[in-house]
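Now for the letters of each chain:
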Amino acid sequence: MTSSNLIPRIHFAALPTPIEPLPRLHAALASETGGRCPNLFMKRDDLTGLALGGNKTRKLEFVLAEALANGARTLITVGAAQSNHCRQTAALAARAGLDCILVLSGEPEEHPSGNLLLDMLFGAEIVWTSRDDREAALQRTFAAAWDSGRRPYLIPLGASNALGALAYEAAFREFLSQNTPVDWMVVASSSGGTQAGLALGARLANWPGRVLGISIDEPEDVLAGIVVAYANQAAERMKANARLTPEEIHVNADYLGEGYGIAGAPERESMRMFARQEGVLLDPVYTGRAAAGMIDLIRKGFFQPDERILFWHTGGTPALFSNRYSAELI
Ligand SMILES: *Cc1c(COP(=O)(O)O)cnc(C)c1O
C-alpha cells in the first residue's frame, strides 16, 4: 500500500487532535436562518502543540526529518512579521538544537508582540525585508549561510511543498479514523499545502465529501493551481498513481476583504461568534477569515440543512496578541 506513512517523519505533534461539535454556534446560526444551519464540527489543529499549535506542526514533522537527514544545522524560512509558520519553525529549531534564521517582511518593532515576540524568545535571527523583495532576500540569506558553513536547510513559505501536503494527507487519514462522518471540510487556504494534503487524502480514500478551501489571499484559479501542484508532488513522492486536476479542487475567493492580514468586519464577527458561543479563539488572518466565509455561506443557504460541516481549525492564536491586531479586534 502506498501511504505517507512510508515517508520519514519525526513525531512531536500532539495527535490525534480532537473533533468537537459546535452546538451553540449551530443554535445561533439556526435561529438566524430559520433552522437551515447544517451540523457543525471543528477539528482542533490549534491544539497540535509546538509553541501554541497550528497546522505547521504537522508539516514540520516531515520537514525536520528531511532536514536532519540532509545534515542541516540551520533552519531558514520566510513569512510575514506575524507568521505562525515562522514562530513554529523557530520553536522547532530550538527544540532540535538547530539555529534558525527568519526572513520576515515588515519592520522591526520597538515592542515586539504576538508571533514576533515568540520568534525572538526562541532565539531566531531575524532578517527584515520588504514584501516585494522577500523571496530574493530568502535566497541571499540562504546563500550567505551556506557560504559560511552553517549547513542551512530552506523551508518554503508556509512549509508548503510535497512534504507539507504529505503531512495533511496523513491528517486526513487521522480524521477518517475518528469516525465522524461529514459532508464538507472548510479550511483556511493560503500557501496551499494544507488543502493539497486534504484533497489528496480525500481522493486516495474515495471520500464522498468535499474539501472547501477559503482563500486567504489568492484568486480562485491561482490557488487551485497551487493546491493541485502540491497534491500531485505529494502523490508522486508517496508513489500513489492518483493525479488531481484543478476542476476537482474547491476554492472560494469571495472573502479576501481588504487583503492579506487586514481583519475587517467579517473576521471580527466570526472571531466574536466563536469566542462567545463556544469559548474558542480564532485568529485575525486565517481562521477568522475562513470562519467568516463559512458563516456567510451558511446564511446564504449554500449548504443543505441536513449536511455536516467540519471546520478545520488551523491555529494562529498568537497573532491575537500582536500590536498589529489587538486594538482592532474588540
Ligand atoms: C499557514 C496557516 C494557514 C494556511 O495554511 P496553508 O497550508 O499555507 O494554506 C491557515 N491557518 C493558519 C493559522 C496558518 O498559520
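Structural notes, computed from the coordinates. (Residues numbered from 1 in each chain as written. Predicted model: local features only at pLDDT ≥ 70, side-chain atom pairs only at ≥ 80, totals over all residues. Heavy atoms only, no water.)

A few points about the packing of aromatic side chains
Right, so step 1: Under the defined criterion, the tally for this structure stands at ten aromatic pairs.
Right, so step 2: An angle of 85 degrees between the planes, with centres 5.8 Å apart, marks the rings of Phe175 and Trp207 as edge-to-face. Of this pair, Phe175 sits in helix H6 (residues 162-177) while Trp207 is found in the loop between helix H7 (193-204) and strand E8 (210-215), placing the two residues 32 residues apart along the sequence.
Right, so step 3: Note on Phe175: relative accessible area 2%, which makes it buried.
Right, so step 4: For Trp207, a relative accessible area of 13% gives the class buried.
Right, so step 5: Plain terms: the ring middles of Trp184 and Phe303 are 5.3 Å apart, the flat faces sit at 80 degrees to each other, and that makes the pair edge-to-face. With Trp184 in strand E7 (residues 184-189) and Phe303 in the loop between helix H10 (287-299) and strand E10 (308-313), this pair connects stretches of sequence that are 119 residues apart. Each member of the pair, Trp184 together with Phe303, is buried.
Right, so step 6: In this structure an aromatic cluster arises from ring pairing among Phe172, Phe175 and Trp207. (Phe/Tyr/Trp six-rings, centres within 6.5 Å; stacked < 30°, edge-to-face > 60°. Helix = DSSP H or I, 4+ residues; strand = E, 2+ residues; numbered from the N terminus. Buried < 20%, exposed > 50% of the residue type's maximum accessible area, 1.4 Å probe, protein only.)

A short note on helix H2 (residues 56-69)
Right, so step 1: Here H2 contains 14 residues, and its C-alpha end-to-end distance of 20 Å stays within 8% of the 20 Å for a straight helix at 1.5 Å per residue.
Right, so step 2: Bending of H2 peaks at approximately 25 degrees at the position of Phe62.
Right, so step 3: Within H2, eleven of the 14 residues are buried, which leaves it mostly tucked inside the rest of the structure.
Right, so step 4: Looking one or two residues past H2, Gly71 carries a phi angle of roughly 75 degrees, positive in sign. (Expected span 1.5 Å × (residues − 1). Bend = angle between axes of the 7 residues up to and from the residue.)

Side note on the packing of H6 against H7
Right, so step 1: Where H6 contacts H7, the two axes come as close as 7 Å, and the packing angle between them is 50 degrees. It follows from the interaxial angle that H6 and H7 lie oblique. The handedness of the crossing between H6 and H7 comes out as right-handed. Only Gly193, Thr194, Ala196, Gly197, Leu198, Leu200, Gly201, Ala202 and Leu204 of H7 make contact with H6, whose side of the interface consists of Gly164, Ala165, Tyr168, Glu169 and Phe172.
Right, so step 2: In terms of residue class, the contact of H6 with H7 is built from eight nonpolar, five polar and one charged. (Axes fitted to C-alpha atoms, helices over the stretch in contact; angles between N-to-C directions. Parallel < 35°, antiparallel > 145°, perpendicular 65-115°, else oblique. Left-handed = near helix turned anticlockwise from the far one by under 90°. Contact = heavy atoms within 4.5 Å. Nonpolar A, V, L, I, M, F, W, Y, C, P; charged D, E, K, R; others polar.)

The values reported here are purely geometric and, on their own, carry no functional implication.
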